[in-house]
Amino acid sequence: LLEWEHPEIFSGMVGAKADRRDEPLVEFFRAAGVPKEQITYLQDAEGTKARIEKQFASLLGKTKQGDLLVFYYCGHGSRNIRSGQTSFVNYDASGAPGSMWDVESIFTTIEEKFRGSRALLLADCCHSGALYDQAHPRRDGRIAYSVVTSSYSHNTSTGRWTFTDSVLAGLRGEGTADQDRDGTVDLAELARYCELEMAFGEGQKSMFTAGNKFPN
């Protein structure tokens, strides 16, 4: 999401639209052979809370044993300083309680609906490390979780595409992300590349965790 129904509350990211990188990320998986019925992509005004929750649950309901879930969000992240509750900001979010997509509810939905065994969660937004906070204590449960985020849960994040570009570089196997120069970019190298790019390019702390049952 790069625009919102209430720009007086959540400002649109006009500058990011010129070279948006969420589209190439989706195209990467399409080109890699993921069937179109296994991809759900909601952009900008399509991403209302009701539609996100309905289509997310629908997608997970189609999964089967052994499947891998890849989850990605970019846009605004919001954190309640007092409670620590963190949400991803859907298109129709407002200042009203419950109007945003609570990060904890994402895991509740995955645990209830996902029939697969592994989940890779990626987020490029402020407070995206909330995914790490939720995944780390449950990463070795029925579902093996892995999380890579653009920032720590308490911190804001850049409006540039540095993190998503780093993820794309790793997925594409680009040489800059191949830390040991063996011709393969594994999960740890992708996460390390994101960490370095965010630290030196943006002054941010990228977060990473992976369950023992999540192959590198």
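Residues numbered from 1 in each chain as written. Predicted model: local features only at pLDDT ≥ 70, side-chain atom pairs only at ≥ 80, totals over all residues. Heavy atoms only, no water.

### Observations regarding helix 4 (residues 103-113)
Here helix 4 has its buried residues at Val103, Ile106, Phe107 and Ile110. Taken around the axis of helix 4, the buried residues stretch over an arc of 95°, which confines them to a single face. (Buried < 20%, exposed > 50% of the residue type's maximum accessible area, 1.4 Å probe, protein only. Helix = DSSP H or I, 4+ residues; strand = E, 2+ residues; numbered from the N terminus. Arc of directions from axis to C-beta.)

### Quick notes on unusual backbone geometry
One non-glycine residue with positive phi stands out, namely His127, at about 60°. Here His127 is to be found in the loop between strand 5 (118-124) and helix 5 (130-135). Judged by its relative accessible area of 12%, His127 falls in the buried class. In this structure, Arg181 is a non-glycine residue whose phi angle is positive, near 55°. Here Arg181 is to be found in the loop between helix 6 (162-171) and helix 7 (187-202).

### What about the pairing of strand 5?
Extensive coverage of strand 5 is indicated by the burial of six of its seven residues. As defined by bridge partners, strand 1 (residues 68-74) adjoins strand 5 across seven bridges and the pair is classed as parallel. From the neighbouring strand, Leu69 faces strand 5, where its bridge partner is Ala119. Sheet analysis places strand 5 next to strand 6 (residues 144-149), joined by six bridges and oriented parallel. Bridging from a neighbouring strand, Arg118 pairs with Ala144 of strand 6. After leaving strand 5, the chain enters helix 5 and then returns to the sheet as strand 6, a path that is right-handed. (Pairing = 2+ DSSP bridges. Right-handed = clockwise from strand over helix to strand, strands pointing away.)

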